[in-house]
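# Structural description and commentary
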Amino acid sequence: MPRRCCILLLALASSTLAQRSAESIAKDVVRNGCLVLESSGAKVCVYDYKVDNRAVEAFSFQTPGTKRSPGILLIPGYQRTAVNLIPLGVRLAEEGFAAVAVTQPGFGKSQGPADFVGPKTLKVLTTGYRRLQQESFVDPKRMGIYGYSRGGMAASLLVLDLDDVKAAVLGAGVYDFQKAYDDSTLPGVRANMRAETGMTRAAIRERSSILRMEVLKCPVLILHGEKDVNVPVSQAYALRDRLTQLHKDFEIKLFPDREHSIGPEVIPLTVDFFKRRLRD
């Protein structure tokens, strides 16, 4: 894991962390290489890497102590970056999990172009997952994935491609790409889907995890707002029904009055799920 010689030590309690913006924390981490929270010993570090000679923006989160921890890949959504997942990463580290947040290609400091969670994006995310898994502070047999929006879509695809994922949280994701295109009432979303994928039959199929859910091996938690306009809740319903049909291990939490951004409940629900599914 990349580190810089200078490590910033701050007496920063969790309550204080909540009052600071993720952007402010990110600036401190980038400036000094790492930020150690003195109250908990959790550490946030720059974790940038390259794939096919293109820069990837990432932050790592490490628990205090020397015991190997479960490792979790964190994936943000459209026009979001690893910075936006700093609060979740810190909370996970304080609860005994290691994590890495990775910005998808085409957003933040991750070089693009974006391909709407296509092969190039999945290659970048898989690389981050495997790098975290190989860290000395991570238990490689207890790996999880969290994703929201495009990140939820990515997580749903990765759990099918990576045979050692033990648990995943899918927030507001697209699982049936064609249905998402057909159901969308937002011209901008439809335009992005066409521009980044071409909407060819092959592109649609490789981005539709619901078509391959029979190979799912791990439990998943589905989170979705029922008033979501960006990604209609019909995506969560369809995945729920398919997993039920296949007798897969899953949990679902729908929010009747929430739109695409569910709100602060996502963090405690995610932490609780990983505690129950990834702990010894």
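Check the entry above for the structure.
Residues numbered from 1 in each chain as written. Predicted model: local features only at pLDDT ≥ 70, side-chain atom pairs only at ≥ 80, totals over all residues. Heavy atoms only, no water.

This next bit is on the layout of surface pockets. Put simply, the largest pocket is a space of about 810 Å³. If you trace the largest pocket, you find 32 residues lining it, with Gly77, Arg80, Tyr148, Ser149 and His260 closest to the centre. Going through the elements one at a time, helix H3 (86-94), strand S9 (138-148), helix H7 (187-197) and helix H10 (266-278) are the ones with two or more residues in the lining of the largest pocket. Broken down by element, the lining of the largest pocket gets its largest block of residues, four residues, from H7. A per-class count over the lining of the largest pocket returns 19 nonpolar, eleven polar and two charged. (1 Å grid on protein atoms, 1.4 Å probe; cavity = no way out; pocket = protein on both sides within 12 Å on 5 of 7 lines; lining within 4 Å. Points joined across faces, edges and corners; volume = space filled by probe spheres on them. Helix = DSSP H or I, 4+ residues; strand = E, 2+ residues; numbered from the N terminus. Nonpolar A, V, L, I, M, F, W, Y, C, P; charged D, E, K, R; others polar.)

Attention now moves to the packing of aromatic side chains. Using the criterion set out here, one finds four aromatic pairs in the structure. Ring centres of phenylalanine 116 and phenylalanine 177 lie 5.3 Å apart, and the angle between their planes is 80 degrees; this geometry places the pair in the edge-to-face category. On the criterion of sequence distance, the pair formed by phenylalanine 116 in the loop between strand S8 (98-102) and helix H4 (119-133) and phenylalanine 177 in helix H6 (residues 177-183) is long-range, its members being 61 residues apart. One exposure class covers both phenylalanine 116 and phenylalanine 177, and it is buried. Site record: aromatic cluster; members linked through ring pairs are Phe97, Phe273 and Phe274. (Phe/Tyr/Trp six-rings, centres within 6.5 Å; stacked < 30°, edge-to-face > 60°. Buried < 20%, exposed > 50% of the residue type's maximum accessible area, 1.4 Å probe, protein only.)

Another aspect to go through is the packing of H4 against helix H5 (residues 150-161). It is the contact of H4 with H5, at a shortest axis distance of 11 Å, that shows an interaxial angle of 70 degrees. Between H4 and H5, the crossing angle belongs to the class labelled roughly perpendicular. Remark: the crossing between H4 and H5 carries right-handed chirality. Across the interface between the two elements, Leu122, Leu125 and Thr126 from H4 touch Ala154, Leu157, Leu158 and Asp161 from H5. (Axes fitted to C-alpha atoms, helices over the stretch in contact; angles between N-to-C directions. Parallel < 35°, antiparallel > 145°, perpendicular 65-115°, else oblique. Left-handed = near helix turned anticlockwise from the far one by under 90°. Contact = heavy atoms within 4.5 Å.)

This part is about unusual backbone geometry. With an omega dihedral of 10 degrees, the bond running from glycine 112 to proline 113 counts as a cis peptide bond. Among the secondary structure elements, proline 113 is positioned in the loop between S8 and H4. The residue valine 117 is not glycine, and still its phi comes out positive at about 60 degrees. Within the secondary structure, valine 117 sits in the loop between S8 and H4. By relative accessible area, which is 0% here, valine 117 ends up buried. Of note in this structure, histidine 247 is not a glycine but carries a positive phi near 60 degrees. Here histidine 247 lies in the loop between helix H9 (234-245) and strand S12 (250-255). Residue histidine 247 is classed as exposed on the basis of its relative accessible area of 73%.

Everything listed here is a matter of geometry and, on its own, says nothing about what the molecule does.
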